Amino acid sequence: MAKVNERNLVVGLDIGTSKISVAVGEITPDDKLSIVGVGNQPSRGMDKGGVNDLNLVIQSIQRAINEAELMADCNISSVYLGISGKHIACQNENGMVSINDQEVIQEDVDNVIHTARSVPISAERRMLHVLPQEYTVDCQEGIKSPIGMSGVRMEAKVHIVTCVNDMAKNLVKCVERCDLSADQLIFSALASSYSVLTDDEKELGICVVDMGAGTMDIAVFTGGALRHTAVIPVAGNQVTSDIAKIFRTPLSHAEDIKVQYACALRQLVSMEENIEVPSVGGRAARSMSRHTLAEVVEPRYHELFELIQDELRESGLEDQIAAGYVLTGGTAKMEGVVEFAEEVFQMPVRLAQPIDVLGLKEYVNDPTYSTVVGLLHYGLQASQQESLDKKNNDNVSLWTRLSAWFKGEF
């Protein structure tokens, strides 16, 4: 944990295809998250969640870290690191153990999760997350917290997220070359869910889609637990590429046109509105209709939404997300995206930005910061769990010492 002058700090680092974000959060005495620093730099050397050029990525991370350190007035030593890419995979597994005493204790829960995660995975992959979904004690199913319940046999269902080891190592290497340590690697869509979803949505059934520049990260929750995760290696850069090719303009200008003028639904744009489109090779700029731009962008967004729908259909969860879809990330910010998504999915859709933060929240009040703020929420929960474990261990050691004293006295 990054600690400076007794300040209880937690730091998130999101290395995306188009930008690198750093957020520094201070954990307040009442266990809330207060944003005290933010760093944001264009990302270079990344493609679809993977490292293409180590040195360029290191430079970009260092600039973003320096910016955040300056704003937060601290030295960052460790970070919670987001990871994405098409190499991410998931599986649902079961584990079963017999209950040692008549009552379920924490040790039994640890054992059953260990049994569930003891599935063979290929040598080149590593586990990122093992997330409990629900427990069964004897005949009683759907238990969220089994501790204290009576029974002889317990079963656990877990969701396992894995990644390719070398891809993870490359990301961690970039971070370590900046003299930082990675506390933990967290799948980006899972991180985003911590900052944009409510408990009610997770219970009812929701699909969160983090639409970035290189990938779309998907996480599906039903019954309060994560059921499915996926990464689609097509996203906002495809839209930029289409604009560049069809309007014959450089990629950098195509990106600016997309951000400033593009609309995902052509009927929201009037025929009269015109925009200036820079040409290549020093040719004069041309005037184009904004409606024509929307006609180029709309089919690509339709394709992106269909890819999301196909992923959900294959997972068998399409009919279980009663709360609909939550879109976040930079590519979801475009005008008309939510309306068009509702039209395609025939479900409620909302655009999300980080919730539940204090301090400099206006700096992160944007869908592009969902992942990095989610990493802070993840870090906050990890530090709370750490404190709880320490307290439990202290209680156990106190009890051990008292028992030893009584045995010695009598």
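Let me begin by describing the structure that accompanies this report.

Parameters at a glance
Residues numbered from 1 in each chain as written. Predicted model: local features only at pLDDT ≥ 70, side-chain atom pairs only at ≥ 80, totals over all residues. Heavy atoms only, no water. Pairing = 2+ DSSP bridges. Helix = DSSP H or I, 4+ residues; strand = E, 2+ residues; numbered from the N terminus. Axes fitted to C-alpha atoms, helices over the stretch in contact; angles between N-to-C directions. Contact = heavy atoms within 4.5 Å. Buried < 20%, exposed > 50% of the residue type's maximum accessible area, 1.4 Å probe, protein only. Polar contact = N/O pair within 3.5 Å; in protein donor to acceptor, adjacent residues only side chain to side chain. Salt bridge = Lys/Arg side-chain N within 4 Å of Asp/Glu carboxyl O. Parallel < 35°, antiparallel > 145°, perpendicular 65-115°, else oblique. Left-handed = near helix turned anticlockwise from the far one by under 90°. Nonpolar A, V, L, I, M, F, W, Y, C, P; charged D, E, K, R; others polar. Phe/Tyr/Trp six-rings, centres within 6.5 Å; stacked < 30°, edge-to-face > 60°. Lys NZ or Arg CZ within 6 Å of the ring centre and 35° of its normal. Patch = residues over 30% accessible without salt bridge, like charges linked within 9 Å, V, L, I, M, F, W, Y side chains within 5 Å. Areas by Shrake-Rupley, 256 points an atom, 1.4 Å probe, with all protein chains shown as cover. Lys, Arg positive; Asp, Glu negative; His and termini not counted. Charge placed at Lys NZ, Arg CZ, Asp CG, Glu CD. Expected span 1.5 Å × (residues − 1).

1. Observations concerning the sheet that holds strand β15 (residues 225–232)
The 5 strands lie next to each other as β15-β14-β13-β18-β19, forming an open sheet whose pairing is mixed. The open sheet terminates on both sides in strands that have one partner only, identified here as β15 and β19 (349–351). Across the sheet, the mean angle from the axis of one strand to that of its neighbour is 20°, orientation sign disregarded. Bridge count between strand β13 (residues 206–211) and strand β18 (residues 325–328): 4 bridges; the pairing is parallel. Its bridge partner being in β18, Cys 207 is matched across the sheet by Tyr 325. Lying over the sheet, helix α4 (residues 188–196) contacts β13, β14 (216–222), β15, β18 and β19, oriented at roughly 60° with respect to β14.

2. Looking at the environment of Ser 193
Checked against the element boundaries, Ser 193 lands in helix α4. For Ser 193, a relative accessible area of 1% gives the class buried. In this structure, the C-alpha to C-alpha distance between Ser 193 and Gly 374, residues 181 residues apart in sequence, is 6.8 Å. With residues near it in sequence (within four places) discarded, Ser 193 still touches Lys 202, Val 208 and Phe 221. In this structure the side chain of Ser 193 is engaged in a polar contact, spanning 2.5 Å, whose partner is the backbone oxygen of Leu 190.

3. Focus on the pattern of salt bridges
The full count for this structure, using the stated rule, is 11 salt bridges. Linking Glu 134 and Arg 227 is a salt bridge whose minimum nitrogen-to-oxygen distance equals 3.1 Å. Of the two residues, Glu 134 sits in strand β9 (residues 125–137) while Arg 227 sits in strand β15, which places them 93 residues apart along the sequence. With respect to burial, Glu 134 and Arg 227 carry one shared label: buried. The salt bridge involving Glu 255 is made with Lys 258; its shortest N-O contact spans 3.5 Å. Highlighted residues: Glu 255 and Lys 258, both in helix α7 (residues 251–261), separated by 3 residues, approximately one helical turn.

4. Brief notes about the packing of helix α1 (residues 54–72) against helix α3 (residues 165–176)
The N-to-C vectors of α1 and α3 enclose an angle of 50°; their axes lie 9 Å apart at closest approach. One way to sum up the angle between α1 and α3 is to call them oblique. Note on packing geometry: the crossing formed by α1 with α3 is right-handed. Along its contact with α1, which presents Leu 54, Val 57, Ile 58 and Ile 61, the element α3 presents Asn 170, Lys 173, Cys 174 and Val 175. Broken down by class, the residue content of the contact of α1 with α3 amounts to 6 nonpolar, 1 polar and 1 charged.

5. Side note on the packing of aromatic side chains
Applying the stated rule across the entire model yields 6 aromatic pairs. Judged by centre distance (5.8 Å) and plane angle (70°), the ring pair of Phe 305 and Phe 340 falls under edge-to-face. Remark: Phe 340 occurs in helix α9 (residues 337–345) and Phe 305 occurs in helix α8 (residues 290–315); sequence separation between them is 35 residues. Looking at Phe 305, the relative accessible area reads 0%, which means it is buried. An aromatic cluster is built from Tyr 301, Phe 305, Tyr 325, Phe 340 and Phe 345, whose rings are joined through pairwise contacts. When the ring centre of Tyr 369 is taken as reference, the NZ or CZ atom of Lys 19 above it lies at 5.5 Å.

6. Topic: the environment of Ser 43
You can see Ser 43 is positioned in the loop between β4 (33–42) and β5 (46–47). A relative accessible area of 11% places Ser 43 in the buried class. Other than its neighbours up to four places away in sequence, Ser 43 contacts Gly 16, Thr 17, Ser 18, Lys 19, Ile 20 and Ser 60. From its side chain, Ser 43 meets the backbone oxygen of Gly 16 in a polar contact 2.8 Å long.

7. With respect to the sheet that holds strand β10 (residues 140–143)
Taking strand neighbours across the sheet as the criterion, the 4 strands line up as β8-β11-β9-β10 in an open arrangement whose pairing is antiparallel. Edge strands, defined here as strands with exactly one partner in the open sheet, are β8 (89–98) and β10. The mean angle between the axes of side-by-side strands here comes to 35°, regardless of whether they run parallel or antiparallel. Strand direction decides the pairing type here: β9 and strand β11 (residues 153–164), joined by 11 bridges, are antiparallel. In the strand pairing of β11, Glu 134 is matched with Lys 157. Across the face of the sheet, helix α2 (residues 106–117) comes into contact with β8, β9 and β11 while running at roughly 130° to β8.

8. Observations concerning the pairing of β4
Counting buried residues along β4, 8 of its 10 residues qualify, which places the element largely inside the surrounding structure. The pairing of strand β3 (residues 19–27) with β4 spans 9 bridges and is classified as antiparallel. Within the sheet, the bridge partner assigned to Val 24 lies in β4 and is Gly 37. If you look at the hairpin formed by β3 and β4, you'll find 5 residues sitting between the two strands, and Asp 31 has a positive phi there, around 60°. Where β4 and strand β20 (residues 358–359) come together, 2 bridges link them in parallel fashion.

9. Focus: a positive patch on the surface
Taken together, the side chains of Arg 126, Lys 169, Lys 173 and Arg 177 make up a positively charged region of the molecular surface. By secondary structure assignment, the location of Lys 169 is in helix α3. The exposure class assigned to Lys 169 is partly exposed, which follows from its relative accessible area of 46%.

10. Quick word on helix α6 (residues 236–247)
Its 12 residues give α6 an end-to-end C-alpha distance of 17 Å, which sits within 8% of 16 Å, the value for a rise of 1.5 Å per residue. Close packing links the buried residues of α6 with α7, β16 (274–277), β17 (286–289) and α8.

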